Amino acid sequence: MYTLSNRLKIFSVALMLLGALGWFYSYSASHVSLDEVKTMLAEEASHSGGHGEVADTHALAEESHAATDSHESGGLTAEAHDDEHAEHVMHQIHNRPYSALYVAAFFFMMIALGALAFYGIQYASQAGWSPVLFRVMEAITYYLLPGALIVLAIALWGDDHIFVWMNPDMVNPESADYDALVANKSGWLNKSAFTIRALIYIAGWCAYRYFSRKFSLAQDNADINDNRNFKKNFRISAAFLVFYIYTESMMSWDWIMSVDPHWFSTLFGWYVFASMFVSGITVIALITIYLKSKGLMEFVNDSHMHDLAKFMFAISIFWAYLWFSQFMLIWYANIPEEVTYFVTRIEDYKLPFFGMLVMNFIFPFLVLMNSDYKRIPWFIVMAGIVILIGHYVDVFNMIMPATVGDRWSIGLPELSAVALFLGLFLLLVFYALSKAPLLPKGNPFIKESEHFHY
Amino acid sequence: MEASKVIHAIYTDDDVLMSAVKKVKAAKHHIEEIYTPFPVHGLDKAMGLAPTRIAIASFIYGCIGLTVSIVMMNYIMIEDWPQNIGGKPSFSYIENMPAFVPIMFELTVFFAAHLMVITFYLRSRMWPFKKAENPDPRTTDDHFLMEIPVHGNIKDLEALLAETGAVEINIVDKEEAH
């Protein structure tokens, strides 16, 4: 039985406070006026020694943002263009704290959701190796309900700071900001439909999580020959996985892909799934190693760690496969409305874009390839931390180019938002861990799992 | 060619064989070879065989395949007959690289897989028209055979093997073919 230590409580609350303070500071500092932006741009221009560069990146940002700009008249004077550019930059600066908060909230929600999918798969496949890890998974998924509601709340509160299509002018034919493409999609992309869908996803996932946890605990206290709770869990897990793969895909369109409302990719749901799956498995491995180092999970042996590390390795490759599949088709076809997505990222986000490939694919691929290294805890921890940072950057790359364009940085708003949600995540997950014995002793496969040997 | 005596102990169950191997090893006898109809998990460890190096070989073969694909595509598509790939006639290797990634992947896997199988066959001394080393055809069906070279007291060894559950113990002259 794990007890939530005071040290961990204080640590996570301190993280949350620091994160909240840092974020509010950067939020209030982001309210720059148009004149301030103009001064800033003038300074930048004099530093970088030419206006051409700024105009270039602006033109690119414009492409992805054609939605917000009515920029077709070529007869604009240079001054008017500068004004428009300054306004655009001002919006990007305003958007940054919202986006930073959203990226961090989504990242931690995604960990819980990925762990829930992994947990569901273990039950549906009646896996014999993994039941010793079930309580860790159940604890991580405890974060899903608050985490997902927070993501939804930020999305609705952030409004067109994050989702440009939430701006009512975009679907108003009278407005200068009217966008025919977004208007065409307004049957799906409107605020009330977005909210209803989000609530359906969250309700489905969390209902499964609630009942599965309940049956898992009930199975512990049941008679040795009574596997009814396990069977119920098996059935609802199979049903959940069907529900999950549809809703996860739709969630990824709604919560991520729609930040670029002109762009779409048909395998986006899979891509986001790979990201959340590997993050969830990594966190399961990290928390298990932590508890094992405390001597609380002696029943977890090398072979369990080996299997988790194999999953981290395999799903990292799977992620890279999907990333590349998406990239290559769009790169090859080179259709302007599609390729702008990657042009923006390669021009303005070179380091995070390619750095993410190294962290999410090349590093875990090389580090976790050797069979023996998958059993060494510090190797798993090292690879795991890099994978998690890599997948944070992945979410960052999916949201930021649409909202802040080339005005990005990983600074105070991003780091404090991560601290805020990391604190909340740790607090809730370890609280949930302390609520039940770490060994699900009633699971019919528990003996097999304890003796699991690869 | 030198003839030496070996004992062939035959078992009919892989679990019995595993425990027999452990007992024979504990009694400090050298096990020359074991013939089984299917791979027995953990047998190599119980026999005290050195860990396999096939993974290292496979990694090296994969690297060779990757290199071959890079050099090959550079020669075919960029140097020898420059191609306009996807309407982007840059004729630069690095700018056309994404189009070559599937080939890099396939050749890496192709080289690693095929050369690894060939290496495994050669290392196991199996090649076409080779006469089988298998001493007893029943080991291709449902019997397990443990081969132990005889040094010193045969009776003790026979008693030990009988005790481990061997169904049949034969002493044979073995011709050293290699």
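Just so it is clear, the model here is predicted, and its values are computed rather than measured.

S.K.: Got a sec to walk through the overall build of chain B? Specific residues and values, please.
M.R.: Secondary structure assignment for chain B yields five helices and four strands. When the elements of chain B are put in sequence order from the N terminus, they spell out β-α-β-α-α-α-β-α-β. Compactness check: chain B gives a C-alpha radius of gyration of 25 Å against a globular reference of 16 Å for 178 residues, more than 25% above the reference. For the C-alpha atoms alone, the extent of chain B along its principal axes is close to 80 × 35 × 25 Å. Expressed as a percentage of the 178 residues in chain B, the buried residues total 14%. Of the contacts made within chain B by residues no fewer than 6 positions apart, 78% connect residues no fewer than 24 positions apart.

S.K.: If you had to explain the environment of A:Lys294 to someone new, which residues and values would you point to?
M.R.: Residue and element names in this part refer to chain A. Looking at the secondary structure, you find Lys294 in the loop between helix 10 (268-293) and helix 11 (302-333). Its 10 C-beta neighbours within 10 Å are what place Lys294 among the exposed residues. C-alpha separation for the pair Lys294 and Val242, spaced 52 residues apart in sequence, amounts to 37 Å.

S.K.: Go over the domain arrangement of chain B with me, naming the residues and quoting the values.
M.R.: Domain boundaries in chain B define domain 1 (3-51 + 135-175) and domain 2 (54-123). A C-alpha centroid distance of 45 Å is found between domain 1 of chain B and domain 2 of chain B.

S.K.: An account of helix 13 (residues 350-367) of chain A is needed here, citing residue identities and associated values.
M.R.: All names here are of chain A. Its 18 residues give helix 13 an end-to-end C-alpha distance of 24 Å, which sits within 8% of 26 Å, the value for a rise of 1.5 Å per residue. The axis of helix 13 is deflected most strongly, by about 30°, at Met359. Looking at helix 13, one finds that the buried residues are Pro352, Met356, Met359, Asn360, Phe361, Pro364 and Val367. Contact partners of the buried residues in helix 13: helix 11 and helix 14 (377-403).

S.K.: Please provide a residue-by-residue account of the interface of chain B and chain A, values included.
M.R.: Contact with chain B, which involves seven residues of that partner, is made by seven residues of chain A. When residues in the side of chain B that touches chain A are grouped by element, the largest group, three residues, is from helix 4 (residues 93-123) of chain B. In terms of residue class, the side of chain B that touches chain A is made up of four nonpolar, two polar and one charged.

S.K.: Just give me the short version of the nonpolar core, but keep the residues and values in it.
M.R.: Taken as a class, soluble globular proteins show a tendency for nonpolar side chains to be buried jointly. With 120 residues, the main nonpolar core has A:Ala104, A:Ala105, A:Ile140, A:Ile284, A:Met312 and A:Val429 as its most contacted residues. When residues of this core are assigned to their parent elements, the largest contribution, 21 residues, is made by helix 4 (residues 78-124) of chain A. Sequence-distant contacts of A:Met312, defined by excluding residues within four places in its chain, comprise A:Val278, A:Ile281, A:Thr282, A:Ala285, A:Pro364, A:Leu368, A:Ala383, A:Gly384 and A:Ile387. Within the second largest apolar cluster, 15 residues are counted, among which are B:Leu17, B:Val21, B:Ile34 and B:Phe144.

Cut-off values and rules
- Residues numbered from 1 in each chain as written.
- Chains lettered and ligands numbered in written order.
- Predicted model: local features only at pLDDT ≥ 70, side-chain atom pairs only at ≥ 80, totals over all residues.
- Helix = DSSP H or I, 4+ residues; strand = E, 2+ residues; numbered from the N terminus.
- Rg over C-alpha atoms; globule rule 2.2 N^0.38 Å.
- Buried ≥ 20, exposed ≤ 12 C-beta atoms within 10 Å, placed from the backbone.
- Contact = placed C-beta atoms within 7 Å.
- Domains from an automatic or database assignment.
- Expected span 1.5 Å × (residues − 1).
- Bend = angle between axes of the 7 residues up to and from the residue.
- Nonpolar A, V, L, I, M, F, W, Y, C, P; charged D, E, K, R; others polar.
- Core = buried A, V, L, I, M, F, W, Y, C linked by C-beta atoms within 7 Å.

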